[in-house]
Amino acid sequence: MRSANKIIITLLFAAAMAGCNKSFLNRPSSSQISSNNFYQTTSDLRLATASLYGGSPWWQWHNGALLPLGDALSGNAYYPYWGDLVQLYTRTITGQNAIVSSGWTGLYNVIAQCNTVINAIQQQASASISATDKNAAIGEARFIRAIAYYHLALLWGAVPIVEDNTKLINHPLLNRNIVSDVYKFINNDLSFAVQNLPITDATGRVTTWSAQGMLAKVYLTEAGLGQSGGTRNQALLDSAKKYAGNVCKNSGLSLLPNYYNLFRAQYNDNPESLFALQWTAGVGYGNGNDWLTFSPSNDINPQKTGAWTALEPTYDFYANYNWKDTVRRIATIMMNGDYYPELNAAGGGFKATGVCMKKHIIGNEKDNNAPTMDIWSSIEHNSILRLADVYLVYADAILGNNTSTSDADALLYFNKVRARAGVDAAPMLDADTILRERRAEFGFEGQYWLDLVRLSYYNPDKAIYIINHQARMTFAYDPTTRMAKPDTTTAPSILPATISAFTLQIPSTELTSDPKLAEAPVPYF
């Protein structure tokens, strides 16, 4: 695995144009791009930033790490035949773990692409392009860079901040930067995006509402950093409340009425999606969304192939759904007897015969009217930030350091999420209620581990208790009795967690290529 430094240097000489080629993602050949013939019009800027939404820049993180780190590491999912994922599940992670390496390298891939676009616009864009258009394009790139750094901060803590790829040519060895400065850098990027992104844009493009929603989430996370005793920084909670509340009340956006449809390609980039990765069909290995390899059956896969091993939910994750929460459960987990008419529709639909992930399993090429779709290129545009997330961030920020709240705004937006799921309204909120709701709402979207790390910032004992007391085993389901039975006979041995479990190791290859990463982190600002 190449180090992040080597990848960033390599990407310096690319124009960040590789990836999908559909809708606003149409882009010119990279061989035609140079400082002399590109960045001359607003259209050129739009093409440059379009490259940051999907395709090869995101592929390594998305397909190699997002679900394993977000859901297997957290105890939501299990995949018995992938040794590196078993390490995550059992907390026996080594420095050679390929998933951890893919996560690190993939996120720095994204950052390098963003840096290339930002610096090219600043240095090469024609003077005839308005400042508004330049800043909007830079805002897109800085928003996406912030997303990458947010994941790095939550997963690895202190990490190197890189905003100019060219400096790595003469100074390739980097120190890590202190966590508080990483968050400051993220906040600066998102604040710029808030101020310069438009209120509305073409479908799939981020807007100021995307940036405000993400900034609220970052402030909520940062509010716990360096705190103790279960309390968070009130000023940062107030900032999270301000930005999330603005999105909730003033954006004009609303939840997609049907939760199930959030994960069907026909509803890609719906108004609830504040930031989604843009994937298309027929782009080949290394450029597309290959989550269909987690499918339970070739019958529902493109070209009837690629269903190698399904991603299994744990009993603990299943038990997080209450008996009324069937809308989200069926959209997220397949269980014996569940029938999905839209999967292999020409063959009469699909009836599940086992327990596995359903979310992101969207059917074959005929189901999606996408003849070139294959197992390497699902056309689902999976969301990284949804409006429902901002609703729950708002409720959490209002709860703040209180034991519970019956605040009308907190309940209004929290219960909008529950109402869509067909679940009874909550009469009051506490931290446990919000965490359970997030787990049910965002299961198999790579979120739960980040939620647990956020909790570990200010209440480490509780975070440790949660992951050490999970029923971390697979289960069987009997559709006749409607009973789930955990499998205690084949569950692997799991090491007890300590606070160190919430910070991933830096990959060994990175430490070898840059020994400074092993040194104590230093300030950036």
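This text goes with the structure placed above it.
What counts, and where the lines are drawn
Residues numbered from 1 in each chain as written. Predicted model: local features only at pLDDT ≥ 70, side-chain atom pairs only at ≥ 80, totals over all residues. Heavy atoms only, no water. Helix = DSSP H or I, 4+ residues; strand = E, 2+ residues; numbered from the N terminus. Rg over C-alpha atoms; globule rule 2.2 N^0.38 Å. Buried < 20%, exposed > 50% of the residue type's maximum accessible area, 1.4 Å probe, protein only. Contact = heavy atoms within 4.5 Å. Areas by Shrake-Rupley, 256 points an atom, 1.4 Å probe, with all protein chains shown as cover. Lys, Arg positive; Asp, Glu negative; His and termini not counted. Charge placed at Lys NZ, Arg CZ, Asp CG, Glu CD. Core = buried A, V, L, I, M, F, W, Y, C linked by side-chain atoms within 4.5 Å. Phe/Tyr/Trp six-rings, centres within 6.5 Å; stacked < 30°, edge-to-face > 60°. Pairing = 2+ DSSP bridges. Axes fitted to C-alpha atoms, helices over the stretch in contact; angles between N-to-C directions. Parallel < 35°, antiparallel > 145°, perpendicular 65-115°, else oblique. Nonpolar A, V, L, I, M, F, W, Y, C, P; charged D, E, K, R; others polar. Expected span 1.5 Å × (residues − 1). Polar contact = N/O pair within 3.5 Å; in protein donor to acceptor, adjacent residues only side chain to side chain. Left-handed = near helix turned anticlockwise from the far one by under 90°. Salt bridge = Lys/Arg side-chain N within 4 Å of Asp/Glu carboxyl O.

Chemist: I'm lost on the overall build of the chain in this one. Help?
Modeler: A tally of regular secondary structure across the chain gives 18 helices and 10 strands. Expected size for 525 residues packed as a compact globule is a radius of gyration near 24 Å; at 22 Å, the chain falls within 12% of this value. Taking the principal axes of its C-alpha atoms as reference, the chain extends roughly 70 × 55 × 50 Å. Here the chain, with 525 residues, has 61% of them falling under the buried criterion. Long-range contacts, defined as pairs at least 24 residues apart, comprise 72% of the intrachain contacts of the chain with a sequence gap of at least 6. With an accessible surface of roughly 19,500 Å², the chain has 52% of that area assigned to carbon and sulfur atoms. Of the charged side chains in the chain, 40 are positive and 42 negative; the average position of the first set lies 1 Å away from that of the second.

Chemist: Teacher, can you tell me more about unusual backbone geometry here?
Modeler: Trans peptide bonds make up the majority, and among non-glycine residues the majority have a negative phi. Positive phi values are uncommon outside glycine, yet Gln303 reaches one of about 60°. Tracing the backbone through its elements, the reader meets Gln303 in the loop between strand S2 (273-276) and strand S3 (312-313). For Gln303, a relative accessible area of 42% translates into the label partly exposed.

Chemist: What am I meant to see in the nonpolar core here?
Modeler: It is characteristic of soluble globular proteins that their nonpolar side chains tend to be buried jointly. Counting residues in hydrophobic clusters, the biggest one holds 153 residues, and the most contacted among them are Phe143, Tyr149, Trp156, Ile186 and Phe275. Here the element with the most residues in this core is helix H6 (residues 131-156); it accounts for 15 residues. Apart from residues lying up to four places away in sequence, Phe143 is in contact with Leu190, Ala193, Val206, Ser210, Ala211, Met214 and Phe275.

Chemist: Is there a simple way to explain the packing of aromatic side chains in this structure?
Modeler: Any two aromatic rings considered together are summarised by their centre-to-centre distance and by the angle between their planes. Applying the stated criterion across every chain, the model contains 28 aromatic pairs. With centroids separated by 5.0 Å and ring planes inclined at 70°, the aromatic side chains of Trp59 and Tyr285 adopt a geometry described as edge-to-face. One end of the pair, Trp59, is in helix H3 (residues 56-72); the other, Tyr285, is in the loop between S2 and S3, with 226 residues separating them in the sequence. Look at Tyr285 and you get exposed, because its relative accessible area is 54%. Where Tyr183 meets Tyr457, the ring centres are 6.3 Å apart and the plane angle is 90°; that geometry is what we call edge-to-face.

Chemist: Before we go on, may I ask you to explain the side chain of Arg418 in this structure?
Modeler: For Arg418, the position within the fold is in helix H14 (residues 408-420). The exposure class assigned to Arg418 is buried, which follows from its relative accessible area of 13%. Ignoring sequence-local partners within four residues, the contact set of Arg418 consists of Asn322, Val423, Asp424, Ala425, Ala426 and Glu437.

Chemist: Explain the pairing of strand S10 (residues 483-486) here, please?
Modeler: Regular strands have side chains that alternate between both faces of the sheet. Note: strand S9 (residues 475-478) against S10, four bridges, orientation antiparallel. Within S10, the position partnered with Asp478 by the bridge is Met483. Between the antiparallel neighbours S9 and S10 lie four residues, among them Arg482 with a positive phi of about 55°.

Chemist: Hey, could you run me through the packing of helix H4 (residues 83-90) against helix H5 (residues 98-124) in this one?
Modeler: The description of two packed helices rests on the angle between their axes and on the distance between the axes. Across the interface, H4 lies against H5 with an axial gap of 8 Å and an inter-helix angle of 90°. The pairing of H4 with H5 is recorded here as roughly perpendicular in orientation. Residues Asp84, Leu85 and Leu88 of H4 form the contact with H5, whose participating residues are Ala98, Ile99 and Val100. Tallied by class, residues from the contact of H4 with H5 come to five nonpolar, no polar and one charged.

Chemist: Is there a simple way to explain helix H16 (residues 448-458) in this structure?
Modeler: Every α-helix carries 3.6 residues per turn, so stepping three or four residues along brings you back to the same face. Here H16 lies mainly inside the structure; 11 of its 11 residues are buried. All of the buried residues along H16 are Tyr448, Trp449, Leu450, Asp451, Leu452, Val453, Arg454, Leu455, Ser456, Tyr457 and Tyr458.

Chemist: I would appreciate a short explanation of H14 in the present structure.
Modeler: Helix length check: H14, at 13 residues, gives a terminal C-alpha distance of 18 Å against a target of 18 Å (1.5 Å per residue), a fit within 8%. Along H14, the positions that sit buried rather than exposed are Ala410, Leu411, Tyr413, Phe414, Asn415, Val417, Arg418 and Arg420. Against the buried residues of H14 lie helix H10 (234-250), helix H12 (326-332), strand S8 (383-386), helix H13 (387-399) and helix H15 (431-441). N-cap assignment for H14: the residue whose side-chain oxygen lies 2.9 Å from the backbone N of Asp409 is Asp407. One or two steps after H14, the chain reaches Gly422, where phi turns positive at roughly 75°.

Chemist: Can you help me understand the environment of Lys184 in this one?
Modeler: Counting through the fold element by element, Lys184 comes out in helix H8 (residues 179-196). As a C-alpha pair, Lys184 and Thr490 span 306 residues in sequence and 45 Å in three-dimensional space.

Chemist: Can you help me understand the packing of H6 against helix H9 (residues 208-222) in this one?
Modeler: Where H6 meets H9, the closest approach of the two axes is 11 Å, and the angle between their N-to-C directions is 20°. Relative to H9, the element H6 lies roughly parallel. Once H6 is placed against H9, the crossing between them reads as left-handed. Taken together, the residues of H9 that come into contact with H6 (itself represented by Phe143, Ile147, Tyr150 and Leu154) are Ser210, Ala211, Met214, Lys217, Val218 and Thr221. The residue makeup of the contact of H6 with H9, split by class, is seven nonpolar, two polar and one charged.

Chemist: Help me out: how do you make sense of the pattern of salt bridges in this one?
Modeler: For side chains bearing opposite charge, pairing can occur when the charged atoms are close. Evaluation of the coordinates by the stated rule reveals 24 salt bridges. Close ionic contact of Arg205 with Glu140 constitutes a salt bridge, the shortest N to O distance being 2.8 Å. Placement of the pair is Arg205 in the loop between H8 and H9 and Glu140 in helix H6, with a sequence separation of 65 residues. Assigned by exposure class, Arg205 and Glu140 land together as buried. The partner of Asp451 in a salt bridge is Arg454, and the shortest N-O contact between them spans 2.8 Å. Taken together, the residues Asp451 and Arg454, both in helix H16 and three residues apart, mark about one turn of the helix.

Chemist: Explanation requested: the side chain of Gln470 in the structure shown.
Modeler: Along the polypeptide, Gln470 turns up in the loop between helix H17 (460-468) and S9. Take Gln470: its relative accessible area is 13%, and that puts it in the buried class. A distance of 2.8 Å separates the side chain of Gln470 from the backbone oxygen of Ser74, its partner in a polar contact.

Chemist: Explanation requested: the environment of Pro296 in the structure shown.
Modeler: Mapping Pro296 onto the fold places it in the loop between S2 and S3. Overall, Pro296 belongs to the partly exposed group, its relative accessible area being 32%. Residues Pro296 and Gly213 lie 83 residues apart in sequence; the distance between their C-alpha atoms is 35 Å.

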